[in-house]
Amino acid sequence: MELRESFLAIYADLPLGLRKEVILVMDKEPITWNVAYIEVFNKTEKSKKILKELNEMSII
C-alpha cells in the first residue's frame, strides 16, 4: 500500500477528537491530523514531506 493510501485509511478510522491532535512539527509549524489530511487529499508538495515524516516515525 502506498503512503498516501495508508494515511487515508488510518485517518478514516481516527475518532473525531483525535483529528485535532498535533502529530508532527515541520518547519516550526504544528501539523494536526486534519491539516495533514487536507494536504494529502489535495496532493500538495507539502503532503510529500508530511507522508515521508510520518512514515519515518512509523505512524503510517
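Given the structure is predicted, the values throughout are model-derived calculations rather than measurements. (Residues numbered from 1 in each chain as written. Predicted model: local features only at pLDDT ≥ 70, side-chain atom pairs only at ≥ 80, totals over all residues. Heavy atoms only, no water.)

Engineer: Can you help me understand helix α3 (residues 45-56) in this one?
Structural biologist: Each turn of an α-helix holds 3.6 residues, which means side chains three or four residues apart point in the same direction. Given a rise of 1.5 Å per residue, 12 residues ought to cover 16 Å, and the 17 Å separating the end C-alpha atoms of α3 matches this to within 8%. A positive phi of about 60° marks S58, the residue just after α3. (Helix = DSSP H or I, 4+ residues; strand = E, 2+ residues; numbered from the N terminus. Expected span 1.5 Å × (residues − 1).)

Engineer: What should I look at first to understand the nonpolar core in this one?
Structural biologist: Soluble, globular proteins show a tendency: their nonpolar side chains are buried together. Ranked by internal contacts, the top residues of the largest apolar core, which has 14 residues, are F7 and I50. In this structure, F7 is in contact with W33, A36, Y37, V40, L51, L54 and I60, ignoring residues within four places of it in sequence. (Core = buried A, V, L, I, M, F, W, Y, C linked by side-chain atoms within 4.5 Å. Buried < 20%, exposed > 50% of the residue type's maximum accessible area, 1.4 Å probe, protein only. Contact = heavy atoms within 4.5 Å.)

Engineer: Is there a simple way to think about the environment of S47 in this case?
Structural biologist: Within the fold, S47 resides in helix α3. What makes S47 buried here is its relative accessible area of 5%. With 12 residues separating them along the chain, S47 and V35 place their C-alpha atoms 9.7 Å apart. Beyond its immediate sequence surroundings of up to four residues, S47 is in contact with E39 and V40. Only 2.5 Å separates the side chain of S47 from the backbone oxygen of T44, close enough to count as a polar contact. (Polar contact = N/O pair within 3.5 Å; in protein donor to acceptor, adjacent residues only side chain to side chain.)

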